[in-house]
Amino acid sequence: MTTSEQTPPRSQRFRHAFTSPSAFHEALRLKSSTSILINEDLAPSPPSRQTWTIWNYFAYWWSESWNVSTWSVGAAFITLGATIRDALLVVFFANLLSAVVIVLNGRAAARYHIGYPVISRSSFGIYGEYFVVVLRSILGIIWGGVQLYFEGQFISVCLRCIFPGWEKIHNGIPASQHITTQVMVGFFLAFLFTLPFLFIHTSRIQHLFSVKSFIMPLAALGIVIWATTQNGGVSSGSLENSSSSTKPSTSVLAWGIISQFNSVMGANSALLVTVPDLARYSKTKNAQLWGQLISLPIGQTLCAAFGVISTSAVLNMYGQAYWNPYDLLNGILDESYSSKARAGVFFASASFAFATLGTSIACNFIPFAADVTCLLPKYINIIRGQLLCLIIAFSIVPWRIVATANGFLNFLGGYSIFQGPVVGIMLVDYFFIRRGNLNLPELFTLSPHGRYYFFHGFNVRAFAAFVIGFLLPLPGFAASFGHDIGVAATHMYALGWVLSFLMGCLLYYVICSIWKIPGDDGSYGFESQVETAKQIIVEGLHVDDEGVHISAGMQDSMVPTKDAHVMEKMA
């Protein structure tokens, strides 16, 4: 590979790219990609990119906890019949379970410094990875659009604070579309504001979350203080009393709480799967452990509590429950458009807009980009993948997904039944089947003799466990769209993520116990091969201003080969 000193200046290369079609194609092609399995962002992260510390992970998950969905979820639970205590306990324990799964699934990435697409090859196969990557990428696009819509809502509120005539602008969009001209303008501005941040690589973006971890809690606290002060104190029972006339039976409430637990897991399910895309940048093996385990359950519970208190206080004052923060802020302006109210709402809306931008980057653009690199590694790296996600997310209609509280919760819970088995299979494969031992070169070879090639590139055991894992809650998922198929199916769907996760774990372990997989490393000590992998990373990768370069020696060991003799030497 050429070094930065031998590479022409960036401006010169940019101009040259438009001199001919072949030059443009050459500029698009990533020099670090030597096969369909590797490029600069699929290869193990070199030491210079292992930059995330305990504080970075803590700030990431603490900042991620303060978002629109978490603020809304507690209040939405209560409007469906739960008590405040039940709602907050559900949020806490669901996020505690999420944090444990996140730490476990980030272990392999923190030790071997590889992302989700590459790790999934060890459990689903060299070609099987494409299925689980596409499955996750779909959710990244949908959530990317939803968060962009949330950001647009807050930008619209900010503009309303600045321009008194903002709400008087003619709205030519039909009410059935669930969006107004004002919010559409905010949605477009959200696209423009997000764009510059997507040119920053994941290994350098952690400081954004550090800033967000300070700003957003202060803004949320300000809303709570305002709401309780204006209400004459905390009146957390107002929200419960508003639904007391339709209090459900004990059985219905119990299953409702279970369903709510699953909704929180559904909101986290995508990150539970793709946390390796962040954990791979861990500076030490335990940086991702403590940083992630503590902040998520505490942060999300506090944010949900703030949402409940504010919604309840405003309900007591205005007689209406605003279950999401942008409706709450608009409601404040509806009641009082004074200079004081406009200043406070502007600060809160701007903070929420910035927080939503951070959430969208962290939870959607980064995972999507890190994962789709495996689909076209010769042309897509993380930066390009982030830009691609933004363009696609902008083109969907996310406002329909969040039109009502029930629809919002159904969306959170539904897709998770397909994510649960995936993370369960990955955990069992790493901790119990392979005992923490991965062979890096064989994760990057197309040889049919490779350890992770399995049956024509697919691990049939993993796919069998995956299918059976999501089949049990699947009828209930169909019922959530209006089909009546019985109480039992509904109850299994209420257990959605937990049921599919446990079934995926159990079935994969049983199948692998009966049908042994090649190279399961049962004779090795736990993670005894990590030091060998680290030596490959240190010797095989080099980073400069132009990106990551893969040394010739590392390329030789990570290229597609059909030679069984070569594979035996590598093993």
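Structure report, in brief. Only a predicted model underlies this, so the values are computations on that prediction, with no experimental measurement involved. (Residues numbered from 1 in each chain as written. Predicted model: local features only at pLDDT ≥ 70, side-chain atom pairs only at ≥ 80, totals over all residues. Heavy atoms only, no water.)

Bringing the nonpolar core into the picture now. As a rule of thumb, soluble globular proteins bury nonpolar side chains together. Among the nonpolar cores identified, the biggest contains 139 residues, and Y60, V422 and Y508 are the most heavily contacted of them. Setting aside residues no more than four positions away along its own chain, V422 makes contact with Y116, F124, V132, L135, V273 and F466. (Core = buried A, V, L, I, M, F, W, Y, C linked by side-chain atoms within 4.5 Å. Buried < 20%, exposed > 50% of the residue type's maximum accessible area, 1.4 Å probe, protein only. Contact = heavy atoms within 4.5 Å.)

On to helix α7 (residues 129–162). The α-helix winds at 3.6 residues per turn, so residues separated by three or four positions along the chain end up facing the same way. Counted at 1.5 Å a residue, the expected span for α7 with its 34 residues is 50 Å, and the 49 Å between its end C-alpha atoms agrees. Across the 34 residues of α7, 28 count as buried, placing the element largely inside the fold. (Helix = DSSP H or I, 4+ residues; strand = E, 2+ residues; numbered from the N terminus. Expected span 1.5 Å × (residues − 1).)

To continue, consider the packing of aromatic side chains. Any aromatic ring pair is given by two values, namely how distant the centres are and how the planes are angled relative to each other. Under the defined criterion, the tally for this structure stands at 34 aromatic pairs. Members of the aromatic cluster, each reached through a chain of ring pairs, are F124, Y127, Y130, F131, F418, Y453, F458, F463, F466 and F470. (Phe/Tyr/Trp six-rings, centres within 6.5 Å; stacked < 30°, edge-to-face > 60°.)

A few words on a nonpolar patch on the surface. Taken together, the side chains of F432, F455, V460, L506, Y509, V510, I514 and W515 define a hydrophobic patch exposed on the protein surface, amounting to about 880 Å² of accessible area. Along the chain, F432 turns up in helix α18 (residues 416–433). Residue classification places F432 among the exposed positions, given a relative accessible area of 57%. (Patch = residues over 30% accessible without salt bridge, like charges linked within 9 Å, V, L, I, M, F, W, Y side chains within 5 Å. Areas by Shrake-Rupley, 256 points an atom, 1.4 Å probe, with all protein chains shown as cover. Salt bridge = Lys/Arg side-chain N within 4 Å of Asp/Glu carboxyl O.)

Looking now at helix α21 (residues 487–494). Listed in full, the buried residues belonging to α21 are A489, Y493 and A494. Each buried residue of α21 lies within a common arc of 145 degrees when the element is viewed along its axis, so the set occupies one face. Relative to its buried face, α21 has exposed residues pointing more than 90 degrees away, namely V487 and A488. (Arc of directions from axis to C-beta.)

Here we take up the packing of α7 against helix α8 (residues 181–194). At a minimum axis distance of 7 Å, the contact between α7 and α8 shows a crossing angle of 115 degrees. Compared by their axis directions, α7 and α8 come out roughly perpendicular. Seen from above, α7 lies across α8 with right-handed handedness. Contact residues: α7 offers G145, L148, Y149, E151, G152, Q153, I155, S156 and L159, while α8 offers Q182, V183, G186, F187, L189, A190, F191, F193 and T194. Its residues assigned to classes, the contact of α7 with α8 shows 10 nonpolar, 7 polar and 1 charged. (Axes fitted to C-alpha atoms, helices over the stretch in contact; angles between N-to-C directions. Parallel < 35°, antiparallel > 145°, perpendicular 65-115°, else oblique. Left-handed = near helix turned anticlockwise from the far one by under 90°. Nonpolar A, V, L, I, M, F, W, Y, C, P; charged D, E, K, R; others polar.)

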